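Topology and contacts: notes
So the chains spell out like this:
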Amino acid sequence: MHVVEPAYAIVVHSMQLSMSRTIAFAQPTHACASRWLKPGIARLSRHLTITAVSQTDVEMDGVAGRPVFAVPSLPAATVKRKVGMFLGYEGTAYRGLQMQSNGRADDSVEDTLEEAIFRAGGILESNRGKLSKARGGKQAAVAWSRSSRTDKSVHSVATVVGMKMEVDLAAFEADPEGQQLTAAINAHLPPEVRLFSIQRVNKSWNARTECTRRSYRYYLPASVLGLALDGGEADATRLALLRQAWESYQGTHPFHNYTRRRLYRGPAGPDGYSKRGKAGRRGGRDRGVGAIDGEEDEGRQEVDDEVVGQREALQEEEVQEAQPASGTGSATSANGGDAAPAPGSSGSEGLEGPGGGDDGGEGNGSNKGRMQLVWNHERDGKDVVGRRHFRFIESCEADVEVKTLLPGGQACVMLSLTGGSFMLHQIRHMVGLAVAVARGTVPLEILHASLATPARINTPLAPPSTLVLTGAQFRPFMRSWSGEAAAAAQLSGSSLALRQQGSAAQQAFLEGQLLPALDRLLAGEEWQRWQQDLECVRYDEGQAQELLAAHAEWLRERQASRERRQREEATAAAAEESGAELAR
C-alpha cells in the first residue's frame, strides 16, 4: 500500500443518516479508470447529495488508477422500504389531515409532512407531490395511506401514515423504532406536527385497511352543560343524563342522522332503490362500510363480531322498514328528509337537514334551531338507509368527573369512544345530541329513536376544536404460506404499535403541545356561540309524540320478528338433528 498524489475526495451527505462521509479516490490515469469513475459518481448522486470535491492523499494498493476508500465504510445506497409512521398534530391551523388538491402547499398536515420527508431525503424529487397517484396501472411509487382522515381543526396523537420511504438498507436493524429517521424528519417539521416513530411494515400493508379500531376523545367545557360546579343535585342530574345518552350509542346502529346521509347512499336504480344494495356495492368488502372518508375517518370493518352484529341488526332493520309502521307518525319530508337546517350548529360548515345536509343553508327566521322529527312509514327509494350507514361502536365512556387539563385551566368533562370507523361529522353530531339531552332540551327517548332506520332527525353539530384521535389498532402482520412470520414482524412485533421510545415521544407531545392548546381552545368564543345555538333548539311536541309512538311500535315489531326467527331456527335445527338420528 502506498500514497499517491494528487487525488480527489468527494464529500457526500446522507440525509437519512444525518451525517457526512468522505469517499477518496486517485486521479484516474487512463481511460479504464475514467469509465469506472463517472458511472460510480452518477449512481452515488441518485441517493446522496454531493457537497464538496477536494484534493487529498489516499492509499493505493499498488495498481495504477485503482482506488481504495480512505474510510472504513460508506453509507449504503438507499432503498425503498414500506414503513408506518406514527404522527401527532395540533390541527387548529390546518384544513384537516389530507392534502387538498386546490389548497396551498401548507394547508393540510400531509402537505407539511410530505415536505419534511422530502427535505430529509425520504422522498425523491421525481415522486414529490405524487403521494398516492398510481401510474400506468402500477402501484403508486410512494403508496401513501392513512389510518384516519380528520377534518379541519381536529387533532391527533395516533394517526398512522404508511408509505414507501427512501431509507438506508440497514436503517431498522439497530433502530427498530426508527428514532434516527424520526429525528431527521422532525427537524423540518413545525412544533405542532410531530412524528413519534417510524417502523417497518409489509410490502402490501395499507394503514386504512389494516386498522381495525380507532379511538377518539372529545373535551367538553363544563359551561356548555350549564354546570354550576357547586356539587349540587342539578349538576349531578345533568352529568348522569350525559353519561346515559353517550352510552346509548354503544353497539351496532345506523348513524344516518349523524352525518350527511346522501354521501353514503348510491344512485337509485330502475326500481327507485339504491344500486348499492347487498350485492351491488363496488369494490367488495373493502368499500362496503365506510367507503366515504369522514371528518373522523374511514375504515374497513371485517372483525367477525362486528360484521355479524351489523348483519343481524341490518336484517331486523330491513324487515321493519320494508313494512309500514303502525301509529300516526310524521309524514316523510318531500325531499327525502333533507329539508331543515340542523339546530345547534356552530362554525363555518354548512348546516344540515335531518341527517342529509343537502341544503347547506345557514337557516334563518323561524326555522333557526328547529328540530324536524320525521318517521318514514314506508320505504323511500330516494332516501334509503343501508348498511353503509351502519357503524359498530365498541365502547362509549363518559368521564363525568369535572377536571382541568392543566393546573388552573378550564373545567371540562371527557367523552371517549372506540369503533371500527366513523362517517363525516358523526362524532360531532353524537356529542351535539348528547349535550342537548344533558341540558334537558331534548328527551333521551328522541336520541334512542334517532338510531332507528325509519327516523329522520336533524341533530346538533358540536365544534371540532377539541376532538382528538387518541388511538389506532392494527391487524397482525400477514404470514407466509409456510406460516413463517413476516419480515416486518421481526422488527416491529406481531402487529404495528407504538413501542417504548415512540410512546415516550407521544406523551411528551401531548403534555408539551396538545394539552396547552386544548386548554386555550376550551376558553374560545365558539363555545359561547354554540351554547346560544343550543338554547334555540326546539321541536314540535306533536311531532315528538307521533315519532315516539311510532318508534315504540317499531321496537315491538322488531322484537316479535326476532323471536319468530329464533323459533324458526330452533325448529330447523331440531328437524336436522332428528334427520341425522334416523340416518344413523
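Calculation criteria
- Each chain carries its own residue numbering, running from 1 in the written order of its sequence.
- Confidence filtering applies because this is a predicted model: local features only for residues at pLDDT of at least 70, side-chain atom pairs given and counted only at 80 or more, and all residues used for totals across whole chains, interfaces and linings.
- Excluding hydrogens and water, the side-chain figures rest on all heavy atoms present in the structure.
- Strands here are runs of E lasting at least two residues and helices are runs of H or I lasting at least four, both read from the DSSP assignment and numbered beginning at the N terminus.
- Burial classes: relative accessible area under 20% of the type maximum marks a residue as buried, over 50% as exposed, and values in between as partly exposed (1.4 Å probe, protein chains only).
- Note on contacts: a residue pair qualifies if any of its non-hydrogen atoms lie within 4.5 Å across the two residues.
- Areas reported here follow the Shrake-Rupley algorithm with a probe of radius 1.4 Å; residue values treat only the protein chains shown as occluding.
- Any two strands between which DSSP finds at least two bridges are classified as paired.
- A carboxyl oxygen of Asp or Glu within 4 Å of a side-chain nitrogen of Lys or Arg is what we treat as a salt bridge.
- A score between 0 and 100, pLDDT records how confident the predictor is in each residue.
- By definition here, a helix of n residues has an expected span of 1.5 Å times n minus one.
- To define axes, lines are fitted to C-alpha atoms, for helices over the stretch in contact only, and angles between the resulting N-to-C directions are given on a 0 to 180 degree scale.
- Crossing handedness: left-handed means the near helix sits turned counterclockwise from the far one by under a right angle, and right-handed means the same turn made clockwise.
- Residue polarity follows a fixed list, in which Ala, Val, Leu, Ile, Met, Phe, Trp, Tyr, Cys and Pro are nonpolar, Asp, Glu, Lys and Arg are charged, and the others, Gly among them, are polar.

Notes on the overall build of the protein chain
Along the backbone of the protein chain there are 13 helices and 18 strands. A total of 584 residues make up the protein chain; the buried ones form 50% of that total. Counting only contacts in the protein chain whose residues sit at least 6 apart along the sequence, the fraction spanning at least 24 positions is 77%. Of the roughly 26,300 Å² that the protein chain leaves accessible, carbon and sulfur atoms contribute 50%.

Quick look at the pairing of strand β10 (residues 211–221)
Along any regular strand the residues' side chains alternate between the sheet's two faces. Of all eleven residues making up β10, ten are buried, and the element is well covered by its neighbours. When β10 meets strand β17 (residues 467–474), the two strands line up antiparallel, connected through seven bridges. Looking across to β17, one finds that arginine 217 is bridged to valine 468. Taken together, the eight bridges between β10 and strand β15 (residues 411–419) define a ladder with antiparallel strand orientation. By the bridge assignment, tyrosine 218 is partnered in β15 with leucine 415.

Quick look at the pattern of salt bridges
Tallying each qualifying case throughout the model produces eleven salt bridges. The residue aspartate 107 makes a salt bridge to arginine 95 at a minimum N-O spacing of 3.3 Å. Remark: arginine 95 occurs in the loop between β6 (78–89) and α2 (109–119) and aspartate 107 occurs in the loop between β6 and α2; sequence separation between them is twelve residues. Taking relative accessible area as the criterion, aspartate 107 reaches 6% and is therefore assigned buried. Notably, a salt bridge pairs glutamate 394 with arginine 213, separated by 3.3 Å at the nearest N-O pair.

Focus: the confidence of the model for the protein chain
Atomic detail in the predicted coordinates should be set aside for any region of low pLDDT. Predicted confidence across the protein chain gives a mean pLDDT of 76, with 66% of residues reaching 70 or more. Here residues 268–341 is modelled with pLDDT under 50, and outside its nearest four sequence neighbours on either side it reaches 210 contacts, counting other chains as well. pLDDT under 50 marks residues 346–365. Its contacts with residues more than four places away, or in other chains, come to 74 contacts.

Some thoughts on helix α13 (residues 541–583)
The terminal C-alpha atoms of α13 lie 63 Å apart, and with 43 residues this matches the ideal 63 Å at 1.5 Å per residue to within 8%. Burial in α13 covers these residues: Ala544, Leu547, Ala550, His551, Glu553, Trp554, Arg558 and Ser561.

A look at unusual backbone geometry
Backbone geometry follows two general trends: most residues other than glycine have a negative phi, and most peptide bonds adopt the trans configuration. Of note, the phi angle at alanine 143 is positive, near 55°, even though the residue is not glycine. Inspection of the secondary structure assignment puts alanine 143 in the loop between α2 and β7 (145–146). Residue serine 153 is not a glycine yet carries a positive backbone phi of 75°. Note that serine 153 resides in the loop between β7 and β8 (155–168). The exposure class of serine 153 is buried, given its relative accessible area of 15%.

Here we look at helix α3 (residues 179–186)
Listed as buried for α3 are Leu181, Thr182, Ala184, Ile185 and Asn186. On its buried side, α3 packs onto α2, β8 and β9 (193–200).

Comments concerning the packing of helix α5 (residues 233–247) against helix α8 (residues 426–438)
α8 packs onto α5 with a crossing angle of 145° between their chain directions and a minimal axis gap of 8 Å. As α5 runs across α8, the sense of the crossing is right-handed. Contacts between α5 and α8 involve Arg238, Leu241, Leu242, Ala245 and Trp246 from the former and Met430, Val431, Ala434, Val435, Val437 and Ala438 from the latter. Classifying every residue of the contact of α5 with α8 gives ten nonpolar, no polar and one charged.

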